[in-house]
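The primary structure of each chain is shown beneath.
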Amino acid sequence: MLYRENGQFKTSYRADQQIFPIAQDRIAVALLLAVAFLVVPMLASDYIFRAILIPFVIMALAALGVNILVGYCGQISLGSGAFMAVGAYGAYNFFVRFPGMPLIPALILGGLCATFFGILFGLPSLRVKGLYLAVATLAAQFFSDWMFLRIKWFTNNSDSGSVSVNNLQVFGFPIESATSKYLFCLALLVVVALLAKNLVRGAIGREWMAIRDMDVAAAVIGIRPMYAKLSAFAVSSFIVGMAGALWAFVHLGAWEPAAFSVEISFRLLFMVIIGGLGSIAGGFFGAAFIVVLPIVLNQFLPAFMGLFGIEVSTAGVSHAELMIFGALIVWFLIVEPHGLAKLWSTAKQKLRLWPFPH
Amino acid sequence: MAFFLETLIGGLMAGMLYSLVALGFVLIYKASGVFNFAQGAMVLFAALAMARFAEWIPQWTGIQSPIVANLAAFVIAGAIMFVVAWLIEKLVLRHLVNQEGATLLMATLGITYFLEGLGQTLFGSDIYKIDIGMPKEPIFMLDGMFQGGILVNKEDVIAAAIAAALVALLSVFFQKTSTGRALRAVADDHQAAQSIGIPLNRIWVIVWCVAGVVALVAGMIWGSKLGVQFSLTTVALRALPVVILGGLTSVPGAIIGGLIIGVGEKLSEVYLGPFVGGGIEIWFAYVLALVFLLFRPQGLFGEKIIDRV
């Protein structure tokens, strides 16, 4: 009864082409945004902000970027960590080398650095595809790992490659407290998600999806593979780079190249696959799952094993975490290969008919 | 000149070991179309099992002979890898038939995490050694030709010989036995193979078992060189450029790719490294493979795929 769309007639093309054509969706999204912007900051504690909400928001942004490349354009990438690193160090260089550089332009310039890097390492996608490309993108990962460790210029001549930023502010407001950090990242996420949603349902998004579904056929009907693939790499790495800059600037504050290792690339890919390939909402689901899961396991596993009288060491917890993580991924792939977003849309389908079975 | 040759030989030897790991990737990709990211975790798992059993068997049975202990440990570790292969087929692959490449890749990533966690839970996470009696001292060759001769690691030579023997064995297995023929048939076309009565599930178990044994041998050799520890999983990441250089479906490609990457890595590190700050080994291999892919996207010996609409 709640989610029924009869009676909602579209009388103009405009109405038909809205992002959320169903009234209930619009209300739900508005409510969700209100909760995220108003209620959450009042309720959440500092710990929840720092351990869960801020990482979730930033990772959701990164997953959004990866989803554009992997989910919408079908170019599997294992180099997302590198794009994050380039974004972070790029933004850092603009931030410290130009006195008085405001935060937002620094983030955008960092994103542009990542765009350039992404296009460069996206070039092989014109020749190879699928699994070959997945391995080829690892080149970007290892190259960036090395670059930020060894080339001192990028890290302002620090020995270990570790750098830090402070005194972040936006339009004169300091970004110091957990709440302000959260709100800043969330605002950015909402803006980018809106832009991305519009991008993927426009002409360029359709080109990406055509390339993903069958690149030869797409080329035959007049889609330029080079333009489509490289633009996907560009847009994706811009978003991922911005997320990397946020991760470094806002979440970590001080970081070293190891913060963007190949591990983070894998995690981003997990987020996209578990969340749902080719779905903007999927990135959010996936990020929530991957960010929250280790924390939950860390908190509850020792207590749970304690019930059976088994003492678990710290190393034991981390090993068990790896095992549960791996098993869950496999389980998810078997049970729901289209990700959490698919579950969500199935639920919506059912709700449209509820309480009638047909 | 002598130094150059020394580097070259060192590179060839290292390359042989890369091909050993790469072989595991190729075998599985060839027979099932799965890009097995878990190969590195399998190497770690097998090496951990072997190292620990070689340690435990003398404690449990009182047998002091290291040969018996190592042999028994090898057999037990091999058996464990069989069980792992069977379980992977039974619990994971069987349910993922006909899924996309990306999904299968992710599944093997999941297996990677699981095996890493399980291996360290069962066998501990310290650094262990595997001592299979490999000679450590270097030998000198061609004393007459160059001043001081060329320094070659005996250990590397033996490792390369083992790798070469394994490759020869696998080639015979693939070419001459009926199981090998069945494997190749499955590689060509799952459905066609199934329709003439080749059991797909059994083939998968076999090929994962073979990959498990290859992982065990690789783990044994790498483990006796570097010690068995978590970083062994990164060996797989270093073998990946070998696979794409050689072509995902070619056993000889894995060997030759391994040699090229091994030599390229060592030479670049020695002759190019000093100009750019060193440590370029790991990405150089990838960039080499990448540049190569631009000219020949299917790798050296890979099959050319013709797309049709």
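Residues numbered from 1 in each chain as written. Chains lettered and ligands numbered in written order. Predicted model: local features only at pLDDT ≥ 70, side-chain atom pairs only at ≥ 80, totals over all residues. Heavy atoms only, no water.

Glancing now at the overall build of chain A. Across its full length, chain A carries 14 helices and four strands. By the compact-globule yardstick of 21 Å for 358 residues, chain A fits well, its C-alpha radius of gyration being 21 Å. In terms of overall dimensions, chain A has C-alpha extents of about 65 × 60 × 45 Å along its principal axes. Taken over 358 residues, chain A has a buried fraction of 50%. Considering only contacts in chain A between residues 6 or more positions apart, those separated by 24 or more positions represent 75%. Accessible area of chain A: about 16,500 Å², with a carbon and sulfur share of 69%. (Helix = DSSP H or I, 4+ residues; strand = E, 2+ residues; numbered from the N terminus. Rg over C-alpha atoms; globule rule 2.2 N^0.38 Å. Buried < 20%, exposed > 50% of the residue type's maximum accessible area, 1.4 Å probe, protein only. Contact = heavy atoms within 4.5 Å. Areas by Shrake-Rupley, 256 points an atom, 1.4 Å probe, with all protein chains shown as cover.)

Moving on to the overall build of chain B. Secondary structure summary: chain B contains eleven helices and two strands in total. Listed by position from the N terminus, the elements making up chain B come as α-α-α-α-β-β-α-α-α-α-α-α-α. Based on the C-alpha atoms only, the size of chain B along its principal axes is roughly 65 × 60 × 40 Å. Looking at chain B residue by residue over its 309 residues, the buried ones come to 55%. Across chain B, the fraction of contacts at a sequence separation of at least 24, relative to all contacts at a separation of at least 6, is 73%. Surface exposure of chain B reaches about 13,200 Å², of which carbon and sulfur atoms provide 67%.

Taken together, the contacts link 48 residues of chain B with 39 residues of chain A. Overall, the association of chain B and chain A removes approximately 4,000 Å² of surface from exposure, summing both partners, and the carbon and sulfur fraction of that is 80%. The largest share of the area that chain B buries against chain A comes from Met106, Tyr113 and Trp283 of chain B, three residues that together contribute 18% of it. At the boundary of chain B and chain A, one finds zero salt bridges. Scanning the region where chain B abuts chain A turns up four residue pairs in polar contact (both at pLDDT 80 or more). Secondary structure elements with two or more residues in the side of chain B that touches chain A: helix H4 (101–123), helix H9 (234–246) and helix H11 (281–295) of chain B. Among the elements that make up the side of chain B that touches chain A, the one with the highest residue count is H4 of chain B (16 residues). The residue inventory of the side of chain B that touches chain A, partitioned by class, reads 30 nonpolar, 14 polar and four charged. (Buried area = accessible area lost by both parts, 1.4 Å probe. Salt bridge = Lys/Arg side-chain N within 4 Å of Asp/Glu carboxyl O. Polar contact = N/O pair within 3.5 Å; in protein donor to acceptor, adjacent residues only side chain to side chain. Nonpolar A, V, L, I, M, F, W, Y, C, P; charged D, E, K, R; others polar.)

Once that is clear, we can look at the nonpolar core. Counting residues in hydrophobic clusters, the biggest one holds 220 residues, and the most contacted among them are Phe249 and Trp255 of chain A together with Phe37 of chain B. With 17 residues, the top contributor of residues to this core is helix H8 (residues 200–226) of chain B. Setting aside residues up to four positions removed in sequence, tryptophan 255 of chain A forms contacts with Ala88, Tyr89, Tyr92, Gly161, Ser162, Val163, Ser164, Val165, Ala248, Phe249 and Phe260 of chain A. (Core = buried A, V, L, I, M, F, W, Y, C linked by side-chain atoms within 4.5 Å.)

Before going further, it helps to examine the side chain of serine 180 of chain A. By the element assignment, serine 180 of chain A lies in helix H7 (residues 178–200). With residues near it in sequence (within four places) discarded, serine 180 of chain A still touches Pro174 and Ile175 of chain A.

Below, the discussion takes up the confidence of the model for chain B. All names here are of chain B. On average, residues of chain B score 81 in pLDDT, and 93% of them are at 70 or above. Mean pLDDT in chain B bottoms out at strand E1 (residues 138–141), which sits at 66, and peaks at helix H3 (residues 66–91), which reaches 87. Two numbers describe this predicted complex: its pTM, 0.87, and its ipTM, 0.82. (pLDDT = per-residue confidence, 0-100.)

A separate point is a nonpolar patch on the surface. Residues and elements named next belong to chain A. Together, Val35, Leu38, Val39, Met42 and Leu43 make up a nonpolar patch on the protein surface, roughly 520 Å² of accessible area in all. Among the secondary structure elements, leucine 38 is positioned in helix H2 (residues 23–43). Look at leucine 38 and you get exposed, because its relative accessible area is 55%. (Patch = residues over 30% accessible without salt bridge, like charges linked within 9 Å, V, L, I, M, F, W, Y side chains within 5 Å.)

Residues and elements named next belong to chain A. One pass over the full model with this rule turns up 31 aromatic pairs over all chains. Members of the aromatic cluster, connected to one another through ring pairs, are Tyr89, Tyr92, Phe95, Phe148, Trp153, Phe154, Phe249 and Trp255. The ring of tyrosine 227 has arginine 224 sitting right over it, with the charged end atom 4.5 Å from the ring centre. Residue placement shows arginine 267 over the ring face of phenylalanine 325; its charged tip is 4.7 Å from the ring centre. (Phe/Tyr/Trp six-rings, centres within 6.5 Å; stacked < 30°, edge-to-face > 60°. Lys NZ or Arg CZ within 6 Å of the ring centre and 35° of its normal.)

Residue and element names in this part refer to chain A. With respect to the element layout, valine 192 can be found in helix H7. For valine 192, a relative accessible area of 8% gives the class buried. Distance in space between the C-alpha atoms of valine 192 and alanine 63 is 12 Å, their sequence separation being 129 residues. Aside from chain neighbours lying at most four places away, what touches valine 192 is Leu61, Leu64, Ile239 and Met242.

Residue and element names in this part refer to chain B. Where helix H1 (residues 2–32) contacts H9, the two axes come as close as 8 Å, and the packing angle between them is 75°. Overall, the two elements H1 and H9 adopt an arrangement that is roughly perpendicular. Contacts between H1 and H9 involve Tyr18, Val21, Ala22, Phe25 and Val26 from the first element and Val235, Ala236, Arg238, Ala239, Leu240, Val242 and Val243 from the second. Partitioning the contact of H1 with H9 into residue classes produces eleven nonpolar, no polar and one charged. (Axes fitted to C-alpha atoms, helices over the stretch in contact; angles between N-to-C directions. Parallel < 35°, antiparallel > 145°, perpendicular 65-115°, else oblique.)

Residue and element names in this part refer to chain A. On the secondary structure map, serine 45 appears in the loop between H2 and helix H3 (46–72). Given a relative accessible area of 35%, serine 45 falls into the partly exposed group. Separated by 134 residues in the primary sequence, serine 45 and threonine 179 have C-alpha atoms spaced 9.0 Å apart.

All names here are of chain A. Scanning the entire structure with this criterion turns up seven salt bridges over all chains. Between arginine 212 and aspartate 213 there is a salt bridge whose closest N-O contact spans 3.1 Å. Arginine 212 gets classed as partly exposed once you look at its relative accessible area, which sits at 31%. A relative accessible area of 56% places aspartate 213 in the exposed class.

Turning to the packing of H3 of chain A against helix H8 (residues 203–213) of chain A, a few remarks are in order. Residues and elements named next belong to chain A. Between H3 and H8, whose axes approach to 8 Å, the crossing angle comes to 50°. In terms of orientation, H3 and H8 fall into the oblique class. Counted together, Ile68, Gly71 and Tyr72 of H3 and Trp208, Met209 and Arg212 of H8 form the full contact between these two elements. Its residues assigned to classes, the contact of H3 with H8 shows four nonpolar, one polar and one charged.

Turning our eyes to something else, we now look at H11 of chain B. With 15 residues, H11 of chain B should reach 21 Å at 1.5 Å per residue; the first-to-last C-alpha distance of 22 Å fits that figure. Of all the positions in H11 of chain B, only Trp283, Phe284, Ala285, Tyr286, Ala289, Leu290 and Leu293 of chain B are classed as buried. Here the buried face of H11 of chain B lies against helix H5 (103–122) and helix H6 (131–150) of chain A together with H9 and helix H10 (251–276) of chain B. (Expected span 1.5 Å × (residues − 1).)

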